[in-house]
Structures are given as structure tokens and as C-alpha cells.
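# Coordinates in review
This is what each chain is made of:
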Amino acid sequence: MNVTLLPGTSTSSTDLSTLENYTLEPIEELPAPSINSREAESEANTSLVPLPKKPRLDTIESFDLQQLLQKTRTGQAIVNIYKVKKVLDSISQSYLVDIIVCFFLNNEHWRLTNDDFEVIAGKIIALFPNENKDVYFCPPIYKKFSRDHKSEAARGKLVDKYKNKLTYLRKAGVIPLMRHSSCSPEKEVISEDFNHNDDYVWLKNNIEPWNDVQSCWRRTFSLRNKSLTDEKDVAQIYEDWPILRNPLGYTLIEDDFKRIYPENYNNLLLNFEQVVAKVIELRQTHLSIRDKPWVEIFKSTTTTDDYKSYTALLLLSALIPCTTRLVKKKKQWKPNCDDAINGIIIKVENIGDIDAAIRQRKQEHEKSGLPVQPYMIVEIEGLDVKQIVCIINGNLYLVPSIKKGIDTCFKFTMVLNLKYTAESEHLWYFIQRAIYNIETKYDHKIPAIISIVNQLKTFK
């Protein structure tokens, strides 16, 4: 098969069989000391000198962040950097959360909860207004509000730092081990008898005239929108709404998207290249020697619109690398930029290679047990983009441009409440927040992406 992957990519490097049951965890972890024997542990515990007890804060609201920062030179530096730059870089953010977490850990009577993190993050934003709260604390997501129907723990720089410090202190025997309890959010079940709805029955059994299809589709919006909160994969959705298999089915999804997000409908088509250009200016030092020639092609006035969009995707994957690892037991796998881009768009050299590329993607995901999420295949010869196809649930939708392809895949994901492909998740969330300017209760918030988006807002 003549499927062409990006430079430096091989089929073995993107073996999705390693993705099964993976969960996302922060890359950086504070090292924990190794205690190799019970005798060593006992000796360490007996040699510990109790820390002096400090008075507990009356309430978390009485915590004075500005006063705490003024007590240390590092804290003063953070304040001064913000005054000059009007934004905190990642190093300053890390120092900031370290100062805060150490303050509370040195107070023996204080255990931080999600409510506490919420308040502390609010105090950070009050002192540094251009910062984004989600960088520091993202509340937990309950199962009924999750795209993949799995509950997610709280995230953010404050949470990560606190957990890593606790792990370090517990393994050193400074604080006792704790038993963790877990609870399952109440399952939300929504049932609807489709067969009692005349418009739904008509859509189930007719594909034309198209004007009638559009009318019935619009009248069943509430029924459909409510049903999509239930636990259904994309294959089941296509069984419920077979009209989506029509080559024009993607226009029906666009219609739903416009009703849900009317102000964000054309954001990508209008702003994609402009946002990518800003990212290049902000993060060009992150480009490797291999990636720098793409910048010249992107900026060239002779580059076609479609090839410029293709180049923009390649640059995004290089400029915004994945900052988390996919973890299964003790094995870790961190997607590289080639893995990430191939999760969104696959390049082939001949139209006859499209079917083979689709089969390969399906086989890879069958091995891993993961669903195939929306993606594109583009036929490119030299610098000429000849054909763009979106693939959703094995259905092919021919679209007129690469930007339209990105737009179509994104709108299918949002309307059908699907989960982004694991290796490309960070790029899709960047597109969602930086270009479409959309946030939802289902989002898996990635602090690194939120931080970059926030920097773009203040970047001149």
C-alpha cells in the first residue's frame, strides 16, 4: 500500500494497539526517594524531627496570596515578571504553584480539597488577571458529563503539584499514608421512543427530496440532541440516524452545529491561518530543523490555499507537542508530532490508495479496541492538493478544501459528542479553544493547551 506518512513516521511508530485502556497522566512527576528495606524505612521514621505546628487558617478565603509572595524573593520575582510581561510563562507558573503548595503542606492541619483548589485558583486570577483559571485547576468531570462516559479526576498545575508533593512526603515517611475512597456518580439514563415521532420515522425511511430531509432533520433537533447525551458510540448513532450516510449528511451535522454554536459557526474558515501565524511567532523556537522549511512554504504567496492549510496542520503539530503520556500499567507512550498529525490527516499520493488507507486505520483501531474517530485523507501530488475526504464511521464525505475537512471533522465530534483521537487530542482541543473559542462541560482540560491559548490572547 502506498499510504504516505509524514517524514520520520513509520507504521510501527503509530501502532494503536498500545493505546487500549490508556489514561492521561502528567509527564512531569517529582522524584520519590527509594527506600529499599523495612529497616531503612524504620530508621528514617525514627530520625524524623516533628515540624512545628502552625495555626490553621480560619477559612481558605482568608489565605492572602499577595502577602505570601512578598515574603520570598521568588514570589517577588513572579510579581515583577507579571508587571512587565502581563502574563506568566510556564516557569513562573511552576514556581507560583510550588510556593502555594509548600505553604499549605507546611501547615500540618490543612488538607486541600477540590473546593480549596477552586478558591486558590480564583485568588491567582484576582492577583494575575490575564492568567487562565483552568491552567491551575480544572474541576473533576462526572461520568454523565464525559464524552467517553468515564469520570475524570481534577487536574491543573495546583492539583498536580500537590499530589506529587504528597507522594514524595508519604514515601519519605514524613506524612502518613492515606486510604482513598472512590465514588461513582449517579448514572444518567435518557430514553426516548423515536418510533412515536413522525419526522423521525420519515427520516428513517426516506433520503429525498432533500428539502424535506432538511425540514424533518431540523424538527427532530431536540429529540436528537437529548438522545446524544446517552451512552452511544458513533456506529449506534448512524443506526439511529441512517440519513447521515448520505454524501450530504455532513451538511445536516453543520445545521445542528449552527443551532448549538451560532456565533462560532465560521470561526475556522475565517481565522485558521491567522491563528497559526500567531502561534509561529509565539513558539517558533520550538521548531526543529526538519520543521523550519514548512514555515517558508506556509508564508509563501505562491502556495495554494489548500497546501497552506495542510502546512499549517503540520506546523501546529510541531509547535504544540503533546505534553502528556498515555499510560498502561508501567508502560508509557508519548505521541510525537507525526503521531499527532496522522491522527487528524493522512496523506496519500494516488486516489487508489484511499481505500487501503481506510482499511489500515480500521485494522489498527480494531487491534486496540478503540473506535475510529473522524479524520481526513488527502491526495497530494507535489504541492498540489487534489482531493479531500472526511471519514466518519466508515462513511466518506468529499469536501472542497482542507479547512472544510477540519471543520467537518470537528463539527461531527462536537455535535455527536465524540471523543478526540488520543494521540491528537491536544491539537483538537487547541483548535476548539483557540480557533472556535468553545468550552464545554465535557472537555478534558489540558493545562498546557489552556496556557498556550491564554498566551495567544495577550500576544501582540
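Below is a summary of the structure that appears in this document. In every chain, residue numbers begin from 1 and rise along the written sequence. In keeping with the model being predicted, local features are shown solely for residues with a pLDDT of at least 70 and side-chain atom pairs are shown and tallied solely at 80 or more, while totals for entire chains, interfaces and linings include all residues. Note that water and hydrogens are dropped before the side-chain values are worked out from all heavy atoms of the structure.

### Quick notes on the pairing of strand E8 (residues 395-399)
Quick reminder of the rule: Each residue's exposure class comes from its accessible area (1.4 Å probe, protein chains only) as a fraction of the maximum for that residue type: buried when under 20%, exposed when over 50%, partly exposed otherwise. A run of DSSP states H or I qualifies as a helix once it reaches four residues; a run of E qualifies as a strand once it reaches two. Both are numbered from the N-terminal end. Two strands are counted as paired when DSSP detects at least two bridges linking them.
Side chains Asn395, Tyr397 and Val399 project from E8 onto a buried face, and the interleaved Leu396 and Leu398 project onto a face without burial. Relative to E8, strand E7 (residues 384-392) is paired through 5 bridges, and the arrangement is antiparallel. For Cys390, the partnering residue across the bridge sits in E8 and is Tyr397. The hairpin turn running from E7 into E8, its antiparallel successor, is 2 residues long, and Asn393 in that turn takes a positive phi close to 55°.

### A short note on the environment of Leu427
Heads up, the rule is: Contacts are residue-level and defined by heavy atoms, with any inter-residue pair within 4.5 Å sufficient.
If you trace the backbone, Leu427 turns up in helix H19 (residues 425-435). Judged by relative accessible area, which is 3%, Leu427 ranks as buried. With 90 residues separating them along the chain, Leu427 and Cys337 place their C-alpha atoms 9.9 Å apart. The contact partners of Leu427, leaving out residues within four places of it in the chain, are Leu316, Ser317, Ile320, Ala340 and Ile344.

### So, helix H20 (residues 447-458)
Stated precisely, the cut-off is as follows: By this rule the span expected of a helix is its residue count minus one, scaled by 1.5 Å.
The first and last C-alpha atoms of H20 sit 17 Å apart over 12 residues, in line with the 16 Å expected at 1.5 Å per residue. Burial analysis of H20 places 9 of its 12 residues in the buried class, which makes it a mostly covered element. Regarding H20, the residues found buried are Pro447, Ile449, Ile450, Ser451, Ile452, Val453, Asn454, Gln455 and Leu456. Looking at the buried positions of H20, the neighbouring elements they touch are helix H4 (90-105), helix H6 (133-136), helix H13 (267-283) and H19.

### Observations regarding the pattern of salt bridges
Side-chain pairs of opposite charge can arise whenever the charged atoms involved come near each other. What counts, and what does not: Each salt bridge in this description consists of a side-chain nitrogen of Lys or Arg and a carboxyl oxygen of Asp or Glu lying within 4 Å of one another.
Using the criterion set out here, one finds 18 salt bridges in the structure. Asp98 is the salt-bridge partner of Lys161, the closest N and O atoms lying 3.8 Å from each other. With Lys161 in helix H7 (residues 157-171) and Asp98 in helix H4, this pair connects stretches of sequence that are 63 residues apart. Note that Asp134 is salt-bridged to Lys445, the shortest N-O span being 3.5 Å. With a gap of 311 residues between them, Asp134 in helix H6 and Lys445 in the loop between H19 and H20 connect regions that are remote in the sequence. If you follow the salt bridges from partner to partner, you end up with Asp134, Arg433, Glu439 and Lys445 in one network.

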